[in-house]
Amino acid sequence: MRFEPRRNKTVSTRTRRLRVVGALCAVLASATLVTGCGQDNGDETAAATSEAAKVIPKQTTTPYKSPSGSPSGTAAQLTEDQTERKDLLSTVKVTYDKAATTAVGEVSGGKLTDLDLEGLDDDGEESASPSASASASPSPDGSASPSATGSPSPSGSSTGPKWIAEVVEEDGTAHTVSIDAVSGGVIDSVTEAEQSDAEKQELADWVSKAQQTWQQAAKVATDKQKGTVTSLNLDENDSQTLVWQVDVVTEDWKKTAFDVDAATGKITAEEVDND
């Protein structure tokens, strides 16, 4: 499983009153009265500021919370992509780290190389997970039947939000594990049947070279930018350097993508998606 990298004015009552107060201040000669008028203007300003603060829109629903932060935001100010992130993440109950741990537990001796929240920032494309096609095949009567490479688990649901993970064995054999993002149950776990020897060797090399774990990469990213991790991916960048690509959704529902060097743990690239 490889995910591709992977927009006529009216005068208020308060304005009229301030004009009257200002006129009185100009007419009265007493310094005490002038000072009193200035104080009245300050009180009115403070009162108006207090009233304005009360009408600032606030988040009314409880968003998905990660160990490193929880997004929030004002719906009226959100772009289409930000709204989609907010809507999807608000339904997720299982954090990325729990999903990753569950996925790794499904493959003896396996290591996580990829984790994505399905349907988030996919640019309208279908998920690249092979589980959708590999876990079921049509039967002669037209109904779907489980394949030999994986079977759905009753602990998870095929509908609703889910995490799609890639877990790789030492020899490079890849497994795709789908995790229910609400219950945390395993929906299915399938072995990639169409891997070439070259693809297996490449994944085996990446796993052996990655000195930084997915946990360490996620911490580096969230230490730099507080938010919710929605994607982890071990891959080579344009310079052929092995990196962990980490997506973090911040409290304003924008996405920040980091490249974390898989050897040194240093951030080598950072890009904010303002959409």
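Residues numbered from 1 in each chain as written. Predicted model: local features only at pLDDT ≥ 70, side-chain atom pairs only at ≥ 80, totals over all residues. Heavy atoms only, no water.

Caption draft 1: The arrangement of helix α3 (residues 80-89) in detail. Turning to α3, its buried residues number three or more, namely Q82, R85, K86, L88 and L89. The inward-facing, buried residues of α3 contact β1 (111-117), β7 (228-236), β8 (242-249), β9 (255-261) and β10 (267-273). (Buried < 20%, exposed > 50% of the residue type's maximum accessible area, 1.4 Å probe, protein only. Helix = DSSP H or I, 4+ residues; strand = E, 2+ residues; numbered from the N terminus. Contact = heavy atoms within 4.5 Å.)

Caption draft 2: Quick look at the sheet that holds β9. What the 8 strands build is an open sheet, ordered β6-β5-β4-β1-β7-β8-β9-β10; its pairing is antiparallel. If you trace the sheet from one side to the other, it starts and ends with β6 (186-191) and β10, each paired once. Taking each pair of neighbouring strands and ignoring which way they run, the sheet shows an average axis angle of 20°. The pairing of strand β4 (residues 162-168) with strand β5 (residues 174-180) spans 7 bridges and is antiparallel. Within the sheet, the bridge partner assigned to A165 lies in β5 and is V177. The strands touched by helix α7 (residues 214-224) within the sheet are β1, β7, β8, β9 and β10, with β8 carrying the most contacts at an inclination of about 50°. (Pairing = 2+ DSSP bridges. Axes fitted to C-alpha atoms, helices over the stretch in contact; angles between N-to-C directions.)

Caption draft 3: Region of interest: α7. Every buried residue of α7 is listed here: W214, A217, A218, A221 and T222. Taken around the axis of α7, the buried residues stretch over an arc of 125°, which confines them to a single face. (Arc of directions from axis to C-beta.)

Caption draft 4: Representation of the nonpolar core within the structure. Counting 42 residues, the largest nonpolar core has L115, W163, L232 and V246 as the members making the most contacts within it. With 5 residues, the single largest contributor to this core is β8. Setting aside residues no more than four positions away along its own chain, L115 makes contact with Y96, A99, A100, W163, I164, A165, T230, S231 and L232. (Core = buried A, V, L, I, M, F, W, Y, C linked by side-chain atoms within 4.5 Å.)

Caption draft 5: Inspection of unusual backbone geometry at higher detail. The phi torsion at Q240 lies on the positive side, around 65°, for a residue other than glycine. Here Q240 lies in the loop between β7 and β8. Within the chain, W253 stands out as a residue other than glycine whose phi angle is a positive 70°.

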